[in-house]
Amino acid sequence: MSLKILQLVPESLPTFRPDVAVLFGKYLPRHGVACDIVGMPSPQAPQAQGFRSVRTPRFHASRLRRELAFQLGCLRALCGARRADCDAVQVRDMVPTGLLALLIARLKGIPFYYWVSYLISEGRIERARSGLAQRATLRGRLVLCKGLVEQWLLYRVLLPRADHVFVQSEAMLQMMRGKGVAAGRLSAVPMGVDMEVLGQQAIEPVRPDGWHGVPLLAYLGTLDQSRQLERLLDALQIVRRDVPGACLLLIGASDTPSDVDELLDHARRAGLADCVRVTGWLPSSQAWPLLAGADAALSYIPRGALYDVSSPTKLLEYLALRMPAVGNDSPDQVQVLSGSDCGWLTSSDPAAMAGAMVDILRDVPAARARAQGGAAYIDAQRSYRVLARELAACYHRLAGTVAS
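Summarised in this report is the structure supplied together with it. All values reported here derive from a predicted model rather than from experimental measurement.

What counts and how
Residues numbered from 1 in each chain as written. Predicted model: local features only at pLDDT ≥ 70, side-chain atom pairs only at ≥ 80, totals over all residues. Heavy atoms only, no water. Pairing = 2+ DSSP bridges. Helix = DSSP H or I, 4+ residues; strand = E, 2+ residues; numbered from the N terminus. Axes fitted to C-alpha atoms, helices over the stretch in contact; angles between N-to-C directions. Contact = heavy atoms within 4.5 Å. 1 Å grid on protein atoms, 1.4 Å probe; cavity = no way out; pocket = protein on both sides within 12 Å on 5 of 7 lines; lining within 4 Å. Points joined across faces, edges and corners; volume = space filled by probe spheres on them. Nonpolar A, V, L, I, M, F, W, Y, C, P; charged D, E, K, R; others polar. Salt bridge = Lys/Arg side-chain N within 4 Å of Asp/Glu carboxyl O. Buried < 20%, exposed > 50% of the residue type's maximum accessible area, 1.4 Å probe, protein only. Parallel < 35°, antiparallel > 145°, perpendicular 65-115°, else oblique. Left-handed = near helix turned anticlockwise from the far one by under 90°.

### Topic: the sheet that holds strand S5 (residues 112–116)
Moving on, step 1. Across the sheet, seven strands lie side by side as S3-S2-S1-S4-S5-S6-S7; this open sheet has parallel pairing. Each edge of the sheet is formed by a strand with only one pairing partner; in this case those strands are strand S3 (53–55) and strand S7 (186–188). On average, adjacent strands in this sheet sit at an angle of 20 degrees to one another, irrespective of strand direction.
Moving on, step 2. Bridge count between strand S1 (residues 3–12) and strand S2 (residues 33–40): seven bridges; the pairing is parallel. Bridge assignment links Ile5 to a residue of S2, and that residue is Cys35.
Moving on, step 3. Packing against the sheet, helix H1 (residues 18–27) makes contact with S1, S2, strand S4 (88–92) and S5, and its axis sits at approximately 160 degrees to S4.

Set out below in structure tokens:
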């Protein structure tokens, strides 16, 4: 039997978030779960992306008008939902919209699910308090107030009344249990890799100009200040004591350009100006060959309440590419690296990370041999093919149906 889920997401559509586009658009339909999706507008032309239907309002240059149009679109979709053609309403990472959806779903007798991919309220509170500590502003106080109110509503009103709650990781599941959400209403759906794309591609390694013969480390992902990537630079400084020619390629950027400037300033102050490069955002077709051309791939995730419950994608991609990978002791990375035994798990201390990097650079062929099993582990444990099968079984179990 086919299930139909109306899902409201805060992302612009078309989306390139794999846990939306790949999981719900590509793989879940194979298991009899179809998704009608409502998202924010985008300047790009609409794309089906495998969803049963896609609804977005017309794109406006004004951010306020886009938000208002989106909320109106959500309301229309919810009001138009019918129990006969909608097996569940699901809202992702939007507390006020989630409350509205919960109310309408209850009135219509439709099950309501909530999906937590990131602790939005906690992140807003943390950023507001950090900003207020530097400069007290009315906007900062309003943002803090919004975060605190939404946090209270999420844990006291929304999640206790949701029929089911999907979270990003086992660590987040345990956190939610501590908040009082019953274990039977929780499911962890971690990030994955589309192995039908990544696992089947013949990726030719590429070296940056001028760095063809240097010992090369690489990082793929956002360069936001909150990621504390100066720790990787501090680790590189230690590495160069044993491997003087070692360089670091940062494949990514930040939505806040000053974050990248500050990171490069840190590199200059550390005497690393000539051995650190930033590529900016690149499509996967360019990023993966550069990553594959490095000798080791790095995944540093800051420790703390926000990131300890995350499910990082970069480490999964490194293993899928059979790259020698160094990851610090963020809970999800501990699970992946301990389970695969194909990477180097360290503490979050720059010296510990540097030690693993030096081990790899001293014998790259041996490191690559150790990393060969990474792709098989990801295919079996963290491919979206596997995650979709498990998630579909959960949806069908909640609905009391059998997968088609």
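The rest of the description comes next.
### Focus on the layout of surface pockets
Moving on, step 1. Considered as a void within the structure, the second largest pocket measures approximately 200 Å³ in volume.
Moving on, step 2. Within the residue set of the lining of the second largest pocket, elements represented by two or more residues are helix H12 (331–340), helix H15 (374–381) and helix H16 (384–399).
Moving on, step 3. In terms of residue count, the dominant contributor to the lining of the second largest pocket is H16 (three residues).
Moving on, step 4. Of the residues assigned to the lining of the second largest pocket, the class counts are five nonpolar, three polar and four charged.

### What to know about the pattern of salt bridges
Moving on, step 1. Taken as a whole and judged by the stated rule, the model has 19 salt bridges.
Moving on, step 2. When the shortest N-O distance is used, the salt bridge between Lys26 and Glu196 registers 3.3 Å. Taken together, the positions of Lys26 in helix H1 and Glu196 in helix H7 (residues 195–198) put the pair 170 residues apart, joining distant regions of the chain.
Moving on, step 3. One salt bridge connects Asp242 with Arg362, and the closest N-O pair in it is separated by 3.7 Å. Separated by 120 residues along the polypeptide, Asp242 in helix H8 (residues 230–242) and Arg362 in helix H13 (residues 350–362) bring together distant segments of the chain.
Moving on, step 4. Asp242 sits in the partly exposed class, given a relative accessible area of 46%.
Moving on, step 5. Residue Arg362 is classed as exposed on the basis of its relative accessible area, which comes to 58%.

### Quick word on unusual backbone geometry
Moving on, step 1. At the junction of Leu13 and Pro14, the peptide bond is cis and its omega measures out at 5 degrees in the coordinates.
Moving on, step 2. Along the chain, Pro14 turns up in the loop between S1 and H1.
Moving on, step 3. In the Ramachandran plot, Asp93 falls in the positive-phi region, its phi being about 55 degrees despite a non-glycine side chain.
Moving on, step 4. Here Asp93 is to be found in the loop between S4 and helix H3 (95–108).
Moving on, step 5. Asp93 sits in the buried class, given a relative accessible area of 11%.
Moving on, step 6. The phi angle at Asp341 is positive, at roughly 55 degrees, despite the residue not being glycine.
Moving on, step 7. Checked against the element boundaries, Asp341 lands in the loop between H12 and strand S13 (344–346).
Moving on, step 8. Assessed through its relative accessible area of 56%, Asp341 is described here as exposed.

### Re the environment of Arg177
Moving on, step 1. If you trace the backbone, Arg177 turns up in helix H6 (residues 170–178).
Moving on, step 2. In this structure Arg177 comes out as partly exposed when scored by relative accessible area, which is 44%.
Moving on, step 3. Sequence-distant contacts of Arg177, defined by excluding residues within four places in its chain, comprise Ala183 and Leu186.

### So, the packing of helix H4 (residues 120–134) against helix H5 (residues 138–161)
Moving on, step 1. One way to put it is that H4 packs onto H5 with a least axis distance of 8 Å and a crossing angle of 155 degrees. Judged by the angle between their axes, H4 and H5 are roughly antiparallel. Here the hand of the crossing between H4 and H5 comes out left-handed. Residues Ser121, Glu122, Arg124, Ile125, Ala128, Arg129 and Leu132 of H4 form the contact with H5, whose own contacting residues are Gly140, Arg141, Val143, Leu144, Lys146, Gly147, Leu148, Glu150, Gln151 and Tyr155.
Moving on, step 2. Considering only residue class, the contact of H4 with H5 consists of seven nonpolar, four polar and six charged.

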